[in-house]
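# Structure assessment
This is what each chain is made of:
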Amino acid sequence: MHTMTVNQAIASALAEEMRRDERVLMFGEGVATKRADLMQEFGAERVRNTPLAEAIIAGTAAGAAAMGLRPVVDLLFAPFMTLAMDALVNSAGKLRYLSGGQFSFPMVALAHTGAGWGVGAQHNHNLEALFVHAPGLKVVMPSTADDFKGLLKSAIRDDNPVIFFIDLALGEAAGPVPAGDHLVPIGQSVVRRAGCDVTLVSYAKTVGHCLRAAESLAQRGISAEVLDLRSLKPLDEAGLLASVRKTGRLVVVHEASRTCGVGAEIAALVVERAFPLLKAPVVRLTGPDAPAPSSRPLEQAFVPQAPAIEQAVLALLREPALS
Amino acid sequence: MHRPLSDTEQVSMLEAMQLIRRHEERLAELQAAGRAAGTCTAVGQEAAAVGVVHALGADDLILTNHRSAGHLLARGADPGRLIAEILGRSTGYCKGKSGSLHVSARELGIVLTSTIVGGELSLAPGVALAQRMQGRPGVVACFFGDGAACEGIFHEALNLAVVWKLPVLFVCENNQWQAYVHRKETMPQDHVRPWAAAHGLPAVVVDGNDVEAVHAAARHAVDTIRVQGGPCFIEAVTYRLRGHFEPDDQGYVDADELTAWKSRDPIQLLARRLIDRGVLSEGEWAHVRQRVEATLDAAFAFAEASPFPSADELITDVYA
Ligand SMILES: Cc1ncc(C[n+]2csc(CCOP(=O)(O)OP(=O)(O)O)c2C)c(N)n1
């Protein structure tokens, strides 16, 4: 075990995978400048600065992936992905299928997402549901240094396009990371805290908010289970349903806006598959259907915080049983 | 300089052009009869396709767009499998999942056909980068229209290909039309070439209805790319003689303009030239046309007799 920050975990995953597989290359706006160590070790051929042109960065990654390279592109901030949408959604996501399986697109698109920098909605937007909705893509959004490393390595080795979101506020968060070739499989959730009264499902930075809520709920004798999804597509349906079947209550928490968000999918899934075991209606705690503000208190209020999660659980436990 | 095309090569290029023409006309007939979905044909543009594709070697790759039948057939695609794909049959190049718009055929080096206007331009630098980094010699020919050249991605793609010295042959088939909009409505100049040239790569305009001229320009460009490493640009000036998407009555087309371009039909131009030069007799030309019909008879029969994919195929090939 080493202790490292999320940013260090990302850097070490990149270096290890580039060392392991010479088909891995990385490019983006300022990538070679900001990752000088990668540039030094792997050279200008494999670590490249690009023009400020997100569409061609993503398109070039898709073309290169189809023809045998394994590109990782850094699109910097999630909102910039809207400029790269065609290549990610229409090319990387669809051309395998449209070609009858002739091509695969082993590529990773990185982007920072979420509140924490106070720069407003054009640099802070949780777009994960857009990509979850697009066929052919995988979407991951880890919360711990351990998972950032293990999931990024898995994403680079995956033969499909993976959208890899880095919650901005987690960059300097530190945690233990197993030594050696540490892989975390894409598509498996993890129980961060076991409990039996209610399941709190989340991903990225709001997992921490759920854990804090669970801690203070425990002081009131309420046992909350916290499930970290880690991967939004594929979604660990079995893990999710197992937890909800155990607790009978579900609160989904995410920072992205509510309408058609990941929480809506999770709520629908649980209602479809575990309805008889639900003791109360499913609750969603999400960001509002509004652009993210820049003023710090407003930015923080955008994100569901631990006290709000706690309140939601208390309200839920006062709810009568469904039938 | 290259040796000029031999007589045999020219006759075989004529036959390729005729095959493309009749493939598309017969498909349009099938469409009119309600037996095929709508398609985008490139009737009138055969010289651009054949001229460029015949200048490529076996290692070279092609990216194309919604008007791809010419590129595919010029590259040697099996007409039966191509038509099967267009008719949605499981024997098609993409198991019937592409239809007419996104047909790719990896075995022929036809990679990544995109029907998003400009999509192929976004992919081309990456395909070329993969060629370069994996030590493969092939040049990447990327076909697109004047409409695609009006998309921002055109500039992003050319810029990156120049900056990274990527082996891309950009081929703009300027057929004067951008779906239902004439190029004159959307472009201040007659040609795309100045936009390309501004990116600092060799860029030429060529008569896209003269297959010899297209071929010479393409050979020169491919050689330049092989020697110098970076990209080249060719604008083939041609005309889309049929509508944008079958069926299309072309009610919006200026009749005089259409007539003028029909008088410069690339197939007639080449056939006439070969006959005048004594390379081909009228009888031999008739024989070529018969052979093309026979090939297409067999191809359409194969395609129409082929099964549709089973419904299970709906969710295969989504992920690798
Ligand atoms: C991004 C995008 N916008 C619009 C369309 C609809 N569309 C299909 S083909 C076409 C015309 C393209 O014109 P051009 O690039 O000149 O090629 P041509 O069809 O003339 O060969 C249009 C507008 C599309 N497929 N993709």
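Values in this document were obtained by computation on a predicted structure and should not be read as measured data. Each chain has its residues counted from 1, following the order in which its sequence is written. Going through the entries in the order they are written, you letter the chains from A and number the ligands from 1. With the structure being a predicted model, the display of local features is reserved for residues of pLDDT at least 70 and the display and counting of side-chain atom pairs for 80 or more, all residues being used for whole-chain, interface and lining totals. With hydrogens and water stripped out, all remaining heavy atoms of the structure feed into the side-chain values.

With that settled, the discussion passes to the overall build of chain B. The way it works is that DSSP assigns letters per residue, a run of H or I at least four long becomes a helix, a run of E at least two long becomes a strand, and they are numbered from the N terminus. Scanning chain B from N- to C-terminus turns up 13 helices and seven strands. Only C-alpha atoms enter the radius of gyration, while the globule expectation follows 2.2 Å times N to the 0.38, with N the number of residues. By the compact-globule yardstick of 20 Å for 320 residues, chain B fits well, its C-alpha radius of gyration being 19 Å. With the C-alpha coordinates of chain B rotated into their principal frame, the extents come out at 55 × 50 × 40 Å. Each residue is placed in one exposure class: buried if its accessible area under a 1.4 Å probe, protein chains only, is under 20% of its type's maximum, exposed if it is over 50%, and partly exposed if it falls in between. Taking all 320 residues of chain B together, the buried fraction comes to 60%. Between two residues, a contact is recorded if the distance between any of their heavy atoms is within 4.5 Å. Taking the intrachain contacts of chain B between residues at least 6 apart in sequence as the baseline, contacts between residues at least 24 apart amount to 74%. We get accessible surface area from the Shrake-Rupley algorithm with a probe of 1.4 Å; when it comes to residues, only the shown protein chains can shield them. Surface accessibility of chain B: about 12200 Å² in total, with carbon and sulfur atoms responsible for 54%. When charges are counted, Lys and Arg are positive and Asp and Glu negative, with His and the chain ends excluded. The atoms used to mark charge sites are NZ of Lys, CZ of Arg, CG of Asp and CD of Glu. Counting 29 positive and 40 negative side-chain charges, chain B places the averaged centre of each group 4 Å from the other.

Before going further, it helps to examine the site of the ligand. Residues and elements named next belong to chain B. Surrounding the ligand, one finds 15 residues, the nearest of these being His 66, Arg 67, Gly 147, Ala 148 and Trp 177. In the environment of the ligand, an oxygen atom lies 2.8 Å from a nitrogen or oxygen atom belonging to the backbone of Trp 177. Protein contact buries 72% of the 570 Å² of open area that the ligand shows by itself. For the shell around the ligand, the secondary-structure elements that each account for two or more residues are α6 (146–149) and β4 (177–178). Under the scheme applied, nonpolar residues are Ala, Val, Leu, Ile, Met, Phe, Trp, Tyr, Cys and Pro; charged residues are Asp, Glu, Lys and Arg; polar residues are all the others, including Gly. Tallied by class, the residues present in the shell around the ligand amount to five nonpolar, seven polar and three charged. Near, as used in this document, describes a residue that has one of its heavy atoms within 4 Å of the molecule or strand being considered. As used in this structure description, the phrase polar contact means that two N or O atoms lie within 3.5 Å; if the pair is within protein, one of them must be able to donate a hydrogen and the other to accept it, and residues adjacent in sequence are counted only when both atoms belong to side chains.

A word on empty space enclosed by the protein. Residues and elements named next belong to chain B. Each cavity reported here is a set of points on a 1 Å grid over the protein atoms alone in which a 1.4 Å probe fits but cannot get out, each pocket an open set with protein on both sides within 12 Å along at least five of seven lines, and each lining residue one with an atom within 4 Å of a point. Grid points are joined across faces, edges and corners, and a volume is the space filled by probe spheres set on the points. With the rule as written, the count across this model stands at four cavities of 30 Å³ or more. For the largest cavity, the calculated volume is near 110 Å³. If you go around the largest cavity, you meet 16 residues; those closest to its centre are Glu 24, Cys 40, Ala 69, Ile 86 and Ser 100. Secondary structure elements with two or more residues in the lining of the largest cavity: α1 (7–32), α3 (69–74) and α4 (79–86). In terms of residue count, α1 provides more of the lining of the largest cavity than any other element does, three residues in total.

Contact with chain B, which involves 40 residues of that partner, is made by 42 residues of chain A. Roughly 3400 Å² of surface becomes buried between chain B and chain A when both sides are summed, with 65% attributable to carbon and sulfur atoms. Three residues stand out in chain B for area buried against chain A, namely Arg106(B), Met133(B) and Tyr319(B), and they jointly supply 20% of the buried area on that side. Salt bridges, as used here, are contacts in which a Lys or Arg side-chain nitrogen is within 4 Å of a carboxyl oxygen on Asp or Glu. Linking chain B with chain A are zero salt bridges, by the criterion used here. Linking chain B with chain A are 14 residue pairs in polar contact (both at pLDDT 80 or more), by the criterion used here. For the side of chain B that touches chain A, the secondary-structure elements that each account for two or more residues are α5 (119–133) and α7 (152–163) of chain B. Accessible area, probed at 1.4 Å, shrinks when two parts are joined; the buried area is that loss added up over both.

This paragraph deals with unusual backbone geometry. Cis geometry marks the peptide bond from Lys233(A) to Pro234(A), where omega comes out at 0°. Counting through the fold element by element, Pro234(A) comes out in the loop between β12 (231–233) and α10 (237–247). Look at Leu112(B): it is not a glycine, yet its phi comes out positive at around 50°. The residue Leu112(B) is located in the loop between α4 and α5 in this model. On the accessibility criterion, Leu112(B) (1% relative accessible area) is buried. You will see that Ala179(B), though not glycine, has its phi angle at about 60°, which is positive.

Residues and elements named next belong to chain A. Throughout the structure, instances matching the rule amount to 41 salt bridges over all chains. One salt bridge connects Arg 70 with Asp 159, and the closest N-O pair in it is separated by 2.9 Å. Linking Arg 70 in strand β4 (residues 70–77) with Asp 159 in the loop between α8 (145–157) and β7 (162–167), this pair joins segments that are 89 residues apart in sequence. With a relative accessible area of 8%, Arg 70 lands in the buried category. Residue classification places Asp 159 among the partly exposed residues on the basis of a relative accessible area of 36%.

A few words on the packing of helix α1 (residues 6–20) of chain A against α8(A). Residues and elements named next belong to chain A. Axis separation between α1 and α8 bottoms out at 8 Å; the angle between their running directions is 30°. As far as their axial angle goes, α8 and α1 are roughly parallel. As α1 runs across α8, the sense of the crossing is right-handed. Here Val 6, Ala 9, Ile 10, Ser 12, Ala 13, Leu 14, Glu 16, Glu 17 and Arg 20 of α1 lie close against α8, whose contacting residues are Ala 145, Phe 148, Lys 149, Leu 152, Lys 153, Ile 156 and Arg 157. Axis lines are fitted to C-alpha atoms, over the contacting stretch for helices. Their N-to-C directions set the angle, which ranges from 0 to 180 degrees. Here the word oblique covers every angle except those under 35 degrees (roughly parallel), over 145 (roughly antiparallel) and from 65 to 115 (roughly perpendicular). Helix crossings fall into two classes, left-handed where the near helix is turned counterclockwise from the far one by less than a right angle and right-handed where it is turned clockwise.

We now examine helix α11 (residues 262–274) of chain A. Residue and element names in this part refer to chain A. Over its 13 residues, α11 extends 18 Å from the first C-alpha to the last, a length consistent with the 18 Å expected when each residue adds 1.5 Å. If you check which residues of α11 are buried, you get Val 262, Gly 263, Ile 266, Ala 267, Leu 269, Val 270 and Ala 274. Axial view of α11: buried residues confined to an arc of 165°, hence all on one face. Each helix should span, by expectation, one fewer than its residue count multiplied by 1.5 Å. For this quantity, the arc is that covered by the directions from the helix axis to the C-beta atoms.

Formed by 90 residues in total, the largest nonpolar core has its most connected members in Met81(A), Leu88(A), Phe131(A), Leu112(B), Phe144(B), Phe170(B) and Phe233(B). Ranked by residue count, the leading element in this core is helix α4 (residues 54–66) of chain A, at nine residues. Setting aside its immediate chain neighbours within four residues, Phe131(A) contacts Met81(A), Met85(A), Leu88(A), Val89(A), Leu137(A), Val139(A), Ile163(A) and Phe165(A). Only buried residues count toward a nonpolar core. Its members are Ala, Val, Leu, Ile, Met, Phe, Trp, Tyr and Cys residues joined through side-chain atoms within 4.5 Å. Counting 64 residues, the second-largest nonpolar core is a separate cluster that includes Ala74(B), Leu108(B), Trp285(B) and Val292(B).

With that out of the way, let us pick up α8(A). Residues and elements named next belong to chain A. Between its first and last C-alpha atoms α8 spans 19 Å; for 13 residues at 1.5 Å apiece the expected length is 18 Å, and the two agree. In terms of residue burial, α8 counts as a mostly covered element, since eleven of its 13 residues are buried. Here α8 has its buried residues at Ala 145, Asp 147, Phe 148, Lys 149, Gly 150, Leu 151, Leu 152, Lys 153, Ser 154, Ala 155 and Ile 156.

Turning our eyes to something else, we now look at the sheet that holds strand β7 (residues 232–237) of chain B. Residues and elements named next belong to chain B. Pairing in this open sheet of five strands is parallel, and the strands run β1-β2-β3-β7-β6 from one edge to the other. Looking at the sheet topology across the chains shown, the edges are occupied by β1 (61–63) and β6 (203–207). Taking the axes of each pair of neighbouring strands and ignoring which way they run, one obtains an average angle of 20° across the sheet. Here a strand pair is declared whenever DSSP counts at least two bridges between the two strands. Pairing geometry for strand β2 (residues 140–145) and strand β3 (residues 168–174), over six bridges, is parallel. The residue of β3 that forms the bridge with Cys 142 is Phe 170. Here helix α2 (residues 46–53) sits on the sheet in contact with β1, β2, β3 and β7, set at roughly 165° to β3. Of the strands in this sheet, β2, β3 and β7 touch α7, which is tilted by about 150° from β3.

What follows deals with the side chain of Lys153(A). Structurally, Lys153(A) is set in helix α8. A distance of 2.9 Å separates the side chain of Lys153(A) from the side chain of Glu17(A), its partner in a polar contact.

Residue and element names in this part refer to chain A. Position of Asp 236 relative to the elements: it lies in the loop between β12 and α10. At a separation of 2.7 Å, a polar atom in the side chain of Asp 236 contacts the side chain of Ser 189. There is a polar contact of 2.9 Å between the side chain of Asp 236 and the backbone nitrogen of Gly 239. With near-sequence residues (within four places) excluded, Asp 236 lies in contact with Gly 187, Gln 188 and Ser 189.

Turning our eyes to something else, we now look at the UniProt feature "domain: Dehydrogenase E1 component" (unreviewed entry) in chain B. UniProt positions are given in the numbering used here, feature names are shortened, and annotations may be inferred rather than shown by experiment. Sites flagged by UniProt as "domain: Dehydrogenase E1 component" (unreviewed entry) map to residues 16–310 of chain B. Helix makes up 47% of residues 16–310 of chain B and strand 11%. Its end C-alpha atoms lie 33 Å apart.

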